[in-house]
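# Coordinates in review
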Amino acid sequence: MFTSEKGVVEEWLSEFKTLPETSLPNYATNLKDKSSLVSSLYKVIQEPQSELLEPVCHQLFEFYRSGEEQLLRFTLQFLPELIWCYLAVSASRNVHSSGCIEALLLGVYNLEIVDKQGHSKVLSFTIPSLSKPSVYHEPSSIGSMALTESALSQHGLSKVVYSGPHPQREMLTAQNRFEVLTFLLLCYNAALTYMPSVSLQSLCQICSRICVCGYPRQHVRKYKGISSRIPVSSGFMVQMLTGIYFAFYNGEWDLAQKALDDIIYRAQLELYPEPLLVANAIKASLPHGPMKSNKEGTRCIQVEITPTSSRISRNAVTSMSIRGHRWKRHEQPDNNNATTELGILVIPEISVINVTGERTGNGEKGRTLGEIDAQHIQGVQETATDPRTESKSLPEIRRQKSVRKMMEDGINSPGRVQF
């Protein structure tokens, strides 16, 4: 560490001690623009043996519990680097050199799990439902959803997942280490939109190092220093992926791509299903080329929103199109407009061929079913046109029924037909 950088950190330490309470908001506003101070603080954190590490951690904790929102975010930007330094020192079994970093992480954790009144927080997360529209989808674009009894009983009910209350911790152990670190990364991800680019770069770099240290890929990445394997949990890797996904769209494409590949590599070795699912989903949703950095501010994910008005294709099969469709079986083209008018009954012509061994009721032989059908139709028309003979048409109606039965029997089972 150079003397100039050390002087910048010492000036920052002494300035805050003499700062009056009224000028705290102005000091917090101007603090984020001091890039030289931020880079110097990173170098102090990366040197566990530095004499400035303990006072820096102490002042960062004072920032966090001051209640000023911008001072809190100033401390949060160093959280990925602090987590990496703590894990690296723990893997090397040199616990004494990480005491101040462990105290800072525990202090931030214990402040976040309680509210202003000192009661334990219970975080709630609402799981979105596909049956309700959002900025990502329209229910109509997914397809028809069957309204079953179970679906109707669950309609309008939103599923809520709760996290907490979390117990307070006095020290970090092998059993509670990743429970605390996972919660801290959750707090960091909640403020991702306020994090500068240097913090996103640090997040991507420490995710790669945590995942590949002690494995053959470490030689490919050319990471020097610690060569011991760092244990990770499934939930911790999912929180890392959340920050990496944000870094993809905010100017850190190359580092985020490398970190995503390393997380998939480690998740495959550990056989963790949750990180593999999230990482592969992120990889499948990424565009083909790198996103350009947006210097004016954070970049949002572009989503194509379908219009709210319903659009039905002209070729779509609807109930009306099915109702209007007419099947043409045993019909002639001239019979398409066949109607039933008052006094006129039109029966489609049906021809029966090769029906042998038929015996008519009148003893007449050689008369085919077509002739009988034609005479029957002619008789019905003649009787129907004369209203005076309405009483004499009853035998003809009976004859019509018998002929229809004869024709049905003759078509279904060729053979002897009686009527």
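Everything here concerns the structure above.
Below, the structure is looked at part by part. If you're wondering where the values come from, they're calculated on a predicted model, not measured in any experiment.

Here we take up the overall build of the chain. The helix and strand inventory of the chain stands at 18 helices and 2 strands. Within the span of the chain, comprising 419 residues, buried residues form 34% of the whole. Pairs at least 24 apart in sequence give 72% of the contacts found in the chain among residues at least 6 apart. Surface exposure of the chain reaches about 27,200 Å², of which carbon and sulfur atoms provide 53%.

So, on to helix α4 (residues 53-64). Over its 12 residues, α4 runs 17 Å from end to end, which matches the ideal 16 Å to within 8%, given 1.5 Å per residue. Along α4, the positions that sit buried rather than exposed are Leu53, Val56, Cys57, Gln59, Leu60, Phe63 and Tyr64. The buried residues of α4 occupy an angular sector of 165 degrees when the element is viewed end-on, so they sit on one face. Of the exposed residues in α4, those oriented more than 90 degrees away from the buried face are Glu54 and His58. Of the surrounding secondary structure, the elements contacted by the buried residues of α4 are α1 (3-17), α2 (24-31), α3 (35-45), α5 (69-76) and α7 (99-112).

On inspection of all chains with the given rule, the structure shows 13 aromatic pairs. With centroids separated by 5.6 Å and ring planes inclined at 85 degrees, the aromatic side chains of Tyr109 and Phe183 adopt a geometry described as edge-to-face. Placement of Tyr109 in helix α7 and of Phe183 in helix α10 (residues 177-190) is noted, with a sequence separation of 74 residues between them. Of the two residues examined, Tyr109 and Phe183, each falls in the buried class. Taking the centre distance of 6.4 Å and the plane angle of 90 degrees together, the rings of Tyr215 and Tyr265 count as edge-to-face.

So, on to the nonpolar core. Of all hydrophobic cores here, the largest spans 89 residues; its most connected members are Trp12 and Phe74. If we ignore the near neighbours within four places in the chain, the residues touching Trp12 are Tyr27, Leu31, Leu37, Leu41, Val56, Gln59, Leu60, Phe63 and Phe74.

Let us look at the environment of Phe78. Here Phe78 lies in the loop between α5 and α6 (79-91). For the pair Phe78 and Ser199, spaced 121 residues apart in the sequence, the C-alpha separation amounts to 6.8 Å. Every residue in contact with Phe78, bar those within four places of it in the chain, is listed here: Val38, Leu41, Tyr42, Ile45 and Leu60.

With that settled, consider unusual backbone geometry. With phi around 60 degrees, Lys222 is a residue other than glycine that occupies positive phi space. Lys222 sits in the exposed class, given a relative accessible area of 69%. Here the phi dihedral of Leu271 falls at roughly 60 degrees; this positive angle occurs in a residue that is not glycine. Tracing the backbone through its elements, the reader meets Leu271 in the loop between α14 (253-270) and α15 (273-285). Among the residues examined, Leu271 registers a relative accessible area of 67% and is labelled exposed.

With that settled, consider the side chain of His166. The topology assignment puts His166 in the loop between β2 (159-163) and α10. With relative accessibility at 18%, the residue His166 sits in the buried group. Excluding its chain neighbours within four sequence positions, the residues that come into contact with His166 are Tyr109, Ile113, Lys121 and Phe183.

Rules used in this analysis
- Residues numbered from 1 in each chain as written.
- Predicted model: local features only at pLDDT ≥ 70, side-chain atom pairs only at ≥ 80, totals over all residues.
- Heavy atoms only, no water.
- Helix = DSSP H or I, 4+ residues; strand = E, 2+ residues; numbered from the N terminus.
- Buried < 20%, exposed > 50% of the residue type's maximum accessible area, 1.4 Å probe, protein only.
- Contact = heavy atoms within 4.5 Å.
- Areas by Shrake-Rupley, 256 points an atom, 1.4 Å probe, with all protein chains shown as cover.
- Expected span 1.5 Å × (residues − 1).
- Arc of directions from axis to C-beta.
- Phe/Tyr/Trp six-rings, centres within 6.5 Å; stacked < 30°, edge-to-face > 60°.
- Core = buried A, V, L, I, M, F, W, Y, C linked by side-chain atoms within 4.5 Å.

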